[in-house]
Amino acid sequence: MPTISPSSPHPSSLTLEAFCAAERPDLAELYCLGQADSYRRHPGSVAALWTVHIAEAFVVLARARDGAAAGGMRVHLRRSGSPLPVERALAAICPIEQAVARAPGPLVELCGTWVAPSYRRTDLAANLTAATLAVARALGAAQIVGCAHQHVLDLYRRFGAVVDDTLGVHPYPDPRYQTRVFWADPFACPEAQAVETWAEAFRAGPSVEFAPLPAAAA
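A few points on the structure. Because the structure is predicted, anything quoted here is derived from the model rather than measured. (Residues numbered from 1 in each chain as written. Predicted model: local features only at pLDDT ≥ 70, side-chain atom pairs only at ≥ 80, totals over all residues. Heavy atoms only, no water.)

**Examining the pattern of salt bridges**
It is possible for side chains bearing opposite charge to pair when their charged atoms get close. Summed over all chains, the structure comprises ten salt bridges. Among the ionic pairs, Asp26 bridges to Arg24, the shortest N-O distance being 2.8 Å. A relative accessible area of 41% places Asp26 in the partly exposed class. Judged by its relative accessible area of 35%, Arg24 is partly exposed. Here Arg137 ties to Glu196 by a salt bridge, and the two come within 3.9 Å at their closest N and O atoms. Taken as a pair, Arg137 in helix α4 (residues 124-138) and Glu196 in helix α6 (residues 192-203) lie far apart in primary sequence, 59 residues in all. (Salt bridge = Lys/Arg side-chain N within 4 Å of Asp/Glu carboxyl O. Buried < 20%, exposed > 50% of the residue type's maximum accessible area, 1.4 Å probe, protein only. Helix = DSSP H or I, 4+ residues; strand = E, 2+ residues; numbered from the N terminus.)

**Comments concerning helix α1 (residues 25-40)**
In an α-helix, one turn spans 3.6 residues, which is why side chains three or four residues apart end up on the same side. Helix length check: α1, at 16 residues, gives a terminal C-alpha distance of 22 Å against a target of 22 Å (1.5 Å per residue), a fit within 8%. Here the buried face of α1 lies against β2 (14-20), β3 (57-63), β4 (69-77) and β5 (107-115). (Expected span 1.5 Å × (residues − 1). Contact = heavy atoms within 4.5 Å.)

**Observations concerning the pairing of strand β6 (residues 143-148)**
Extensive coverage of β6 is indicated by the burial of six of its six residues. Residues Gln143, Val145 and Cys147 line one face of β6 and the alternating positions Ile144, Gly146 and Ala148 line the opposite face, and both faces are buried. Two elements, β5 and β6, share three bridges in a ladder whose sense is parallel. Its bridge partner being in β6, Glu109 is matched across the sheet by Val145. (Pairing = 2+ DSSP bridges.)

**Structural notes on α4**
Taking 1.5 Å per residue as the helical rise, α4 with its 15 residues ought to reach 21 Å, and the 21 Å between its terminal C-alpha atoms agrees with that figure. For α4, a buried count of 13 out of 15 residues is recorded, marking the element as mostly surrounded by other parts of the structure. Looking at the residues trailing α4, positive phi occurs at Gly140, about 85°.

**Remarks on the packing of aromatic side chains**
Within the structure shown, the criterion is met by four aromatic pairs. Both rings, one in Trp198 and one in Phe202, keep their centres 5.8 Å apart while their planes meet at 35°; by these two values the pair is tilted. Here the residue Trp198 and the residue Phe202 both occupy positions in helix α6, the gap between them amounting to four residues, near one helical turn. Considered together, Trp198 and Phe202 belong to a single accessibility category, that of buried residues. Following the ring pairs from residue to residue traces out a cluster consisting of Trp198, Phe202 and Phe210. (Phe/Tyr/Trp six-rings, centres within 6.5 Å; stacked < 30°, edge-to-face > 60°.)

**Some words on unusual backbone geometry**
Residue Gly105 is joined to Pro106 through a cis peptide bond whose omega torsion reads -5°. In this structure, Pro106 sits in the loop between α3 (96-102) and β5. Residue Pro173 is bonded to the preceding Tyr172 through a cis peptide linkage, with omega at 5°. Structurally, the position occupied by Pro173 is in the loop between β8 (169-170) and β9 (179-184).

Just geometry here; none of it tells us what the structure is for.
Structure (structure tokens):
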């Protein structure tokens, strides 16, 4: 569970903010710079940035007390004529567009998760996922789609992701990765209490103070 402490934040606490990228280009740029720096640390991952249209996204961004970006995640609401990042990434190698077209709407994609190196051994990634699911619910999502490789798939599974075996396993963004498409119900989540905690926090405002915990204590 997130340790939310808005009145007297811990010295190591983070500020987590949820916003529309088009309305907060300054924060969106912080997210993008942090994501690009994170992806450069993992061979081949930078290619995944080519599918991102950040202005269309809703972003959850964690920042340290000095303003430095600590991690982030995005939600994309599928709109007519605007393919989701997963469609841009995989349309040439699997029938993702047809699968997305059949999915109940409103449909959102969760993607673009990254965490700064100093927070890799904390529960920040789990909190980002729970907070982003809270945003997806606020957007009225009926279904979630996304894709993840073998190194992060278990994080999404923790929050209810179910792999779609019919859409295959893909060497994306390069052959070192085994990427699969997943689906999830935003309201049938094994970590529902954590999601609701973030939903309640966001109802008080788009900016929340919380203290990440060591991963073993998550």
